[in-house]
There are 2 protein chains.
Amino acid sequence: MRLTTDKLADILREHNYKVTPQRRVVVDVLVHSNEHMTPSTIYEKARQKHPRVGLVTVYRTLDILSGLGLICELHTLDNNHSYLMRETDKPHHHLICSECGKVIDFTDCGLGALEKRLSLETGFEIEEHLLEFHGLCCHCQTITAKREKNEKTAT
Amino acid sequence: MRLTTDKLADILREHNYKVTPQRRVVVDVLVHSNEHMTPSTIYEKARQKHPRVGLVTVYRTLDILSGLGLICELHTLDNNHSYLMRETDKPHHHLICSECGKVIDFTDCGLGALEKRLSLETGFEIEEHLLEFHGLCCHCQTITAKREKNEKTAT
DNA sequence: TCACTAACTGAAAACGTTTTTCAATTAGCA
DNA sequence: TGCTAATTGAAAAACGTTTTCAGTTAGTGA
C-alpha cells in the first residue's frame, strides 16, 4: 500500500519535524513517481510545483525521509545517488531498468545460505549485503528492439 | 596467482600502453596492497614512492587497468569508488571488511536461480547484478570487542 | 646511438554533486 | 496572538572527478 502525501506529513509531525510547504512538495514529487530520481531531478520537479524550494532543502528532506526509512536510496552503477518511495516495510532489494529507471522491489533474495557459508569459510561477521539487479524492463526491451531495427535499415 | 608489477607492465605494453615510471608506481601500490583503496589513497601512497605523480595520472591509470580487467572497482556503501588488484579471472563478488578494508573474493553467488525467477515474473531482461557483502573480518572483530570492553570499564 | 612522434605528463581550471554557513523566515505551540 | 526553536534559501566551501593544454618522454625505426 502506497502512502499519501498527507500520511507522510503526519509521520513527519509524529517525529517532531515541521511540515513546511517545501517539504510537502518534495514528498509529493516522490509520492507521484514510479521511477528513482536523483536529488537534482527531484529539485527540478519540485520547483515546477512550488518555485520557492531550494536544492539544499531537497537534500535535507531526503535525509530525513531516508533516516525514517520512508524512502530507498539506490546505489546505481553510475554512482549517482537516487531515491524512491519505499513500497514495503520488509527488507527488500531492487530490480532496476537501466533505460527508464523503473524499479521493482523483491524480497526473498535467498542469500541467507550463501551468507552463512561465507561467514563460516572466512570468519567474517557479515552485517549487511548490497544487491541490485540491472536490466531492461519489458517496455524498454521492445523500444530498444525497434530502434536497433531502424538503425539497421538506415545503414 | 598474484601478478607482479613487471608482469603487469608487460601486459600494458602488449596493449600498446607505454610503461612510464608513474604508471609503474601506481601499479606497484595496487600490487602491494591487500585492501581496497580510493584514488586519493592510491595517490598518496604513490607519492611516497615517487613524488612526481599527479592525481590525474592515478585516475588515468586506474581507467586503463580497469578497462583491461586487471583491477576491480568496488561500489562501496558510502558511494566512494575504490579499487584493488583482481585476483582471479572468473566473475566474482566481494566480501569487504568495513573496518580495515580487507577484501575476500568469492565466486558462485548462486543468484542464477533468483535471476531466472525474477526475469520470468517481471519480464525484465537482466543484464547484470551488483552484489557485495559487508561485515567485520576475524581480526577486526577481536579489536572491536576489546575496544568495547575497555569503553565499558572506562565508564 | 640518435632522432622522431604519438603517447603521456602535471598544473590549473572546470565540472557536478553534496555540505556548511548564516541571517531571515515560519510552523506549531502556549 | 506572540514566542521560539526549527527551517529556509543563497552563497560559499568542499568534495571527487574530468578536461584542457603546453611541455615531456617511451618506444620505435633508421
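Residues numbered from 1 in each chain as written. Chains lettered and ligands numbered in written order. Predicted model: local features only at pLDDT ≥ 70, side-chain atom pairs only at ≥ 80, totals over all residues. Heavy atoms only, no water.

**As for the interface of chain B and chain A**
Let me state the cut-off plainly: A contact between two residues is defined here by any heavy atoms of the two lying within 4.5 Å. Buried area adds together the accessible area that both of two parts lose upon being put together, with accessible area traced by a 1.4 Å probe. Here, a salt bridge means any Lys or Arg side-chain nitrogen found within 4 Å of an Asp or Glu carboxyl oxygen. Any pair of nitrogen or oxygen atoms within 3.5 Å is treated as a polar contact; in protein, a donor-acceptor pairing is required on top of that, and neighbouring residues in sequence qualify only through side-chain atoms on both sides. The way it works is that DSSP assigns letters per residue, a run of H or I at least four long becomes a helix, a run of E at least two long becomes a strand, and they are numbered from the N terminus. Being paired, for any two strands, means DSSP has found at least two bridges between them.
If you look at the interface, chain B gives 37 residues, while chain A gives 37 residues. Buried area between chain B and chain A, summed over both chains or domains, comes out near 3400 Å², and the portion from carbon and sulfur atoms is 64%. Connecting chain B to chain A are zero salt bridges. One can count 12 residue pairs in polar contact (both at pLDDT 80 or more) joining chain B with chain A. Elements with a contribution of two residues or more to the side of chain B that touches chain A: β3 (93–97), β4 (103–106), α5 (112–122), β5 (125–136) and α6 (138–154) of chain B. Per-element accounting of the side of chain B that touches chain A gives the leading share, 12 residues, to β5(B). With 11 bridges connecting them, strand β5 (residues 125–136) of chain A and β5(B) associate as antiparallel partners. The residue of β5(B) that forms the bridge with A:His129 is B:Phe133.

**With respect to the sheet that holds strand β3 (residues 93–97) of chain A**
For clarity, the cut-off: Note on geometry: axes are lines fitted to C-alpha atoms, helical ones only across the stretch in contact, with angles between N-to-C directions running from 0 to 180 degrees.
If you walk across this open sheet you meet the six strands as β4(A)-β3(A)-β5(A)-β5(B)-β3(B)-β4(B), and the pairing is mixed. Here the strands that pair on one side only, and so sit at the sheet edges, are β4 (103–106) of chain A together with β4 of chain B. Averaged over all neighbouring strand pairs, the angle between strand axes comes to 20 degrees, with direction disregarded. Across the sheet, helix α6 (residues 138–154) of chain A touches β3 and β5 of chain A together with β5 of chain B, and the angle it forms with β5(A) is around 45 degrees. Sheet strands touched by α6(B): β5 of chain A together with β3 and β5 of chain B. Its angle to β5(B), the strand with the most contacts, is close to 45 degrees.

**Let's talk about the pattern of salt bridges**
Residues and elements named next belong to chain B. What counts, and what does not: Any residue under 20% of the maximum accessible area for its type is buried, any over 50% is exposed, and the rest in between are partly exposed; the area is computed with a 1.4 Å probe on protein chains only.
One pass over the structure, following the stated rule, counts 10 salt bridges over all chains. Two residues, Glu 87 and Arg 2, come together in a salt bridge whose shortest N-O distance is 3.1 Å. Of the two residues, Glu 87 is situated in the loop between β2 (81–85) and β3 and Arg 2 in the segment before α1 (5–14); the sequence distance between them amounts to 85 residues. Judged by relative accessible area, Glu 87 falls into the partly exposed class, the value being 35%. Measuring nitrogen to oxygen at the nearest pair gives 3.5 Å for the salt bridge that ties Arg 13 to Asp 10. Note that Arg 13 and Asp 10 are positioned in helix α1 at a spacing of three residues, about one turn of the helix.

**Observations regarding the state of the cysteines**
For clarity, the threshold we go by: Throughout, a disulfide means two cysteine sulfur atoms within 2.5 Å of one another.
Scanning the entire structure with this criterion turns up zero disulfides over all chains. The structure places no disulfide on A:Cys109, whose sulfur is separated from the nearest cysteine sulfur, that of B:Cys109, by 11 Å. A disulfide-free cysteine, A:Cys137 has its sulfur positioned 3.7 Å from the sulfur of A:Cys140, the nearest such atom.

**Details of the pairing of β3(A)**
All names here are of chain A. Within β3, five of the five residues are buried, leaving the element largely enclosed by the surrounding structure. Of the two faces of β3, both are covered, the one formed by His 93, Leu 95 and Cys 97 as well as the one formed by His 94 and Ile 96. Where β3 lies against β4, four bridges are found, and the strand directions are antiparallel. The residue bridging Leu 95 from the neighbouring strand is Ile 104, located in β4. The turn linking β3 back onto β4 is made up of five residues, and Gly 101 within it adopts a positive phi angle of 85 degrees.

**Some words on the protein's contact with DNA strand D**
As a reminder of what qualifies: Any residue with at least one heavy atom within 4 Å of a molecule or strand is counted as near it.
Close to DNA strand D lie 22 residues; A:Thr20, A:Arg52, A:Gly54, A:Thr57 and B:Tyr59 are nearest. Of what DNA strand D places within 4 Å of the protein, 65% of the atoms are sugar or phosphate. At a separation of 2.4 Å, a phosphate oxygen of DNA strand D approaches a polar side-chain atom of B:Tyr59. In this structure, a phosphate oxygen belonging to DNA strand D sits 3.3 Å away from a side-chain N or O atom of B:His81. Of all the secondary-structure elements, those providing two or more residues to the surface near DNA strand D are α2 (21–31) and α4 (55–67) of chain A together with α4 (55–67) of chain B. Looking at which element gives the most residues to the surface near DNA strand D, the answer is α4(B), with four residues.

**Overview of the domain arrangement of chain A**
Residues and elements named next belong to chain A. The condition that has to hold: The domain limits used here are those given by an automatic or database domain assignment.
On domain assignment, one finds that chain A holds domain 1 (1–87) and domain 2 (88–155). For domain 1 and domain 2, the distance between their C-alpha centres works out to 23 Å. In this complex, domain 1 contributes 11 residues to the contact, which on the side of domain 2 involves 15 residues. Summed over both sides, the interface between domain 1 and domain 2 buries roughly 970 Å², with carbon and sulfur atoms accounting for 58% of that surface. Linking domain 1 with domain 2 are zero salt bridges. Connecting domain 1 to domain 2 are five residue pairs in polar contact (both at pLDDT 80 or more). Sort the elements by how many residues they give to the side of domain 1 that touches domain 2 and strand β1 (residues 71–75) lands first, with three residues.

**Some words on unusual backbone geometry**
Phi is mostly negative for residues that are not glycine, and the peptide bonds are mostly trans. All names here are of chain A. In this structure, Asn 16 takes a positive phi of about 65 degrees despite not being glycine. Residue position: Asn 16 is located in the loop between α1 (5–14) and α2. Judged by relative accessible area, which is 73%, Asn 16 ranks as exposed.

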